[in-house]
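An overview of the molecular structure
Given next are the chains, with one letter for each unit.
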Amino acid sequence: MGAYCNENLSFSPACNLSPSHDLRLSKHVHDNVHGNIYLDPLSLKFIDTEQFQRLRELKQLGMTHMVYPGAVHSRFEHSLGVYWLAGEAIQKLKTNQGLELGIDRFDVQTVKVAGLLHDVGHGPFSHLFEREFLPKVLNGFKWAHEQMSAKLIDHIVDVHHIDVESDMIKRVKEMILASSEFALPKSAKEKQFLYDIVANGRNGIDVDKFDYIVRDSRACGLGCSFDFHRLMETMRVLGDEICYRAKDYLSIHKLFATRADLYRTVYTHSKVKAVELMVVDALLKANSYLEISSSIQDPSEYWKLDDTIIKTIETAPDEELQESRDLILRIRRRNLYQFCNEYSVPKDKLEHFKNVTAQDIACSQKNGGVLLKEEDIAVSNVRIDLTRGRQNPLESINFFKDYESEEKFPIPDDRISHLLPTSYQDMIVRVYSKKPELVAAVSEAFENFQLKIYGVKAQVHATPEKKKWRL
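Residues numbered from 1 in each chain as written. Predicted model: local features only at pLDDT ≥ 70, side-chain atom pairs only at ≥ 80, totals over all residues. Heavy atoms only, no water.

Let us now look at the sheet that holds strand S7 (residues 399–400). Strand pairing in a sheet is mediated by backbone hydrogen bonds. Such pairs are either parallel or antiparallel. Within the open sheet, the three strands sit side by side as S3-S4-S7. Their pairing is mixed. Edge strands, defined here as strands with exactly one partner in the open sheet, are strand S3 (236–238) and S7. When strand S4 (residues 241–245) meets S7, the two strands line up parallel, connected through two bridges. By the bridge assignment for S7, Arg245 is matched with Phe400. (Pairing = 2+ DSSP bridges. Helix = DSSP H or I, 4+ residues; strand = E, 2+ residues; numbered from the N terminus.)

Across five bridges, the pairing between strand S1 (residues 27–31) and strand S2 (residues 35–39) is antiparallel. Paired with His28 across the bridge in S2 is Tyr38.

With a phi close to 60 degrees, Phe125 is a non-glycine residue in the positive phi region. The topology assignment puts Phe125 in the loop between helix H5 (105–117) and helix H6 (128–133). For Asp240, which is not a glycine, the phi torsion comes out positive at approximately 65 degrees. Owing to a relative accessible area of 25%, Asp240 belongs among the partly exposed residues under this scheme. (Buried < 20%, exposed > 50% of the residue type's maximum accessible area, 1.4 Å probe, protein only.)

This paragraph deals with the environment of Pro421. You can see Pro421 is positioned in the loop between S7 and strand S8 (425–433). Taking the C-alpha atoms as reference points, Pro421 and Ala257, separated by 164 residues in sequence, lie 9.9 Å from one another. Non-local contacts of Pro421, meaning those with residues more than four positions away in its chain, are made with His253 and Asp413. (Contact = heavy atoms within 4.5 Å.)

With that out of the way, let us pick up the packing of aromatic side chains. Counting across every chain of the model gives 13 aromatic pairs. Seen from their ring centres, Phe52 and Phe76 are 5.5 Å apart, and the 65 degrees between their planes marks the pair as edge-to-face. With Phe52 in helix H3 (residues 50–53) and Phe76 in helix H4 (residues 75–101), the pair connects residues that are 24 residues apart, well separated along the chain. This pair shows no difference in class: Phe52 is buried, exactly as Phe76 is. On the basis of an interplanar angle of 80 degrees and a centroid distance of 5.9 Å, the ring pair of Phe129 and Trp143 is categorised as edge-to-face. Of this pair, Phe129 sits in helix H6 while Trp143 sits in the loop between H6 and helix H7 (145–160), placing them 14 residues apart in sequence. Judged by relative accessible area, which is 1%, Phe129 ranks as buried. Every member of this aromatic cluster is reached through a ring pair, and the members are Phe129, Phe133, Trp143 and Tyr302. Seen from the ring of Phe400, Arg236 lies directly overhead, with NZ or CZ sitting 5.1 Å from the centre. (Phe/Tyr/Trp six-rings, centres within 6.5 Å; stacked < 30°, edge-to-face > 60°. Lys NZ or Arg CZ within 6 Å of the ring centre and 35° of its normal.)

It is worth spelling out the pattern of salt bridges at this point. Counted under the stated rule, the structure contains 28 salt bridges. Salt-bridge contacts for Arg215 lead to Asp211; the nearest nitrogen and oxygen are separated by 2.9 Å. Of this pair, Arg215 and Asp211 both sit in helix H9 (residues 207–219), separated by four residues, roughly a single helical turn. Accessibility expressed as a relative area gives 0% for Asp211, which makes it buried. Residue Asp376 is joined to Lys435 by a salt bridge in which the shortest nitrogen-to-oxygen separation is 3.5 Å. Within this pair, whereas Asp376 is found in the loop between helix H16 (358–362) and strand S6 (377–385), its partner Lys435 is found in the loop between S8 and helix H17 (439–454), the two being separated by 59 residues in sequence. Counted as one network, the salt bridges with shared partners bring together Asp196, Arg202, Glu241 and Lys408. (Salt bridge = Lys/Arg side-chain N within 4 Å of Asp/Glu carboxyl O.)

Another aspect to go through is the packing of H4 against H9. With their axes 8 Å apart at the nearest point, H4 and H9 run at an angle of 130 degrees to one another. By the criterion of interaxial angle, the relationship of H4 to H9 is oblique. Every pair of crossing elements has a handedness; the one defined by H4 and H9 is right-handed. Where H4 abuts H9, its residues Glu77, His78, Gly81, Val82, Leu85, Ala86 and Ala89 lie against Val207, Asp208, Phe210, Asp211, Tyr212 and Arg215. (Axes fitted to C-alpha atoms, helices over the stretch in contact; angles between N-to-C directions. Parallel < 35°, antiparallel > 145°, perpendicular 65-115°, else oblique. Left-handed = near helix turned anticlockwise from the far one by under 90°.)

On to the side chain of Asp119, then. Inspection of the secondary structure assignment puts Asp119 in the loop between H5 and H6. Note on Asp119: relative accessible area 4%, which makes it buried. Setting aside residues no more than four positions away along its own chain, Asp119 makes contact with Leu55, Arg75, His78, Ser79, His145 and Ser149.

This part covers H9. One turn of an α-helix holds 3.6 residues; hence residues three or four places apart share an orientation. The terminal C-alpha atoms of H9 lie 18 Å apart, and with 13 residues this matches the ideal 18 Å at 1.5 Å per residue to within 8%. Burial analysis of H9 places eleven of its 13 residues in the buried class, the great majority of the element. All buried positions along H9 are accounted for by Val207, Asp208, Lys209, Phe210, Asp211, Tyr212, Ile213, Val214, Arg215, Asp216 and Ser217. Residues of H9 that are buried make contact with S1, H4, helix H10 (228–234) and helix H11 (249–267). Two residues or fewer after H9 comes Gly221, characterised by a positive phi angle close to 75 degrees. (Expected span 1.5 Å × (residues − 1).)

What follows is about the side chain of Lys273. Relative to the assigned elements, Lys273 resides in helix H12 (residues 270–290). Among the residues examined, Lys273 registers a relative accessible area of 10% and is labelled buried. With sequence-adjacent residues up to four places away left out, Lys273 is seen in contact with Glu132, Tyr267, Thr268, Ser380, Arg430 and Tyr432.

If you want it as structure tokens, here you go:
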């Protein structure tokens, strides 16, 4: 990522609010990314609930603060940011094309509430809970935080008797689920472009990414060369979808490239993954006693689950939690699972790649020496892409020439630059030893696995000797 970071990220209130909106009816908070954020009365009714306030106890980046100390911002802040940008986006479309598109106050309010509540059902420790922990306890059953967000919205409305139109809540849930595999049929055939704003299932450009890319970069002390303002100022609806000027092609590419950079350098940092693997093991060992996963279908209980579950385990005297407590103590004392090595899956093997398991590595050890067990090894299969797997996300985006033109069209990347990537996904396999004294044996087994699968060692270099003998 570049060194440039736009410090003037706030919009003026005059641009943010429609002429009919009375600031006296709003409260405002000062956000360190967007400046003053004005909260409308309906949104405040959702914010001032224990279910929404729970987001203060969910770090946006989970355990990343163990490597990047500044990454302690919460999903509460992010949700307010997405609320604000969602309002900005729909207001700009209304200002520029309101009569043509028929955007009314109902549409504006619906989009803003969807932005506010899109993460209200998120699990602890960023995506670790649903992607790493739950798959190991649910035996194939799929669960997504977007689904729980939809359930929690109904729960909040019922419990707190919030006076809101049922059709608005229905559309809010549709907008939140729009980019997930559990997307609902859209109740309205017109104004489909509204579903592109918060969670864009069409091409991945949405205000959720606009906020977290800038917020996460700033919290981690990284430069951010992507500027979402340009896209929000120039976007336009054609054929019921949000399109962008052709000259902004490289700006959109920078959005996806910056996101991929964050995944590589922050979200999947080798030490961050080591901590996450330990947290997953601690949760798994505590699950049968604390029934951590028992509430994932019940919003009335689920909202009580947040990052503080680690402190609950750490301070509980129960013998049944001893193994989990020991793992958390190791994290506190920086006695982490030891990173042995990694390799990038060759490009021609990506299509048929299957996740590598600890069993695969244990079964690759040679006879003699230390006998490795599956439980001595941890494997992290890290997938980094531009939001569309092995496909180029820009192929799903439509552009326009200028504001006099009514034609929309895709742009093949070979028409822009031959310096753009020809591959859109990386798959990295990382192996960790859970015990420092087994690093050498695990590293050797990992090398044997690579030779068995690919005929060569795919890793860049051998595991350093000093790491092998560190006790």
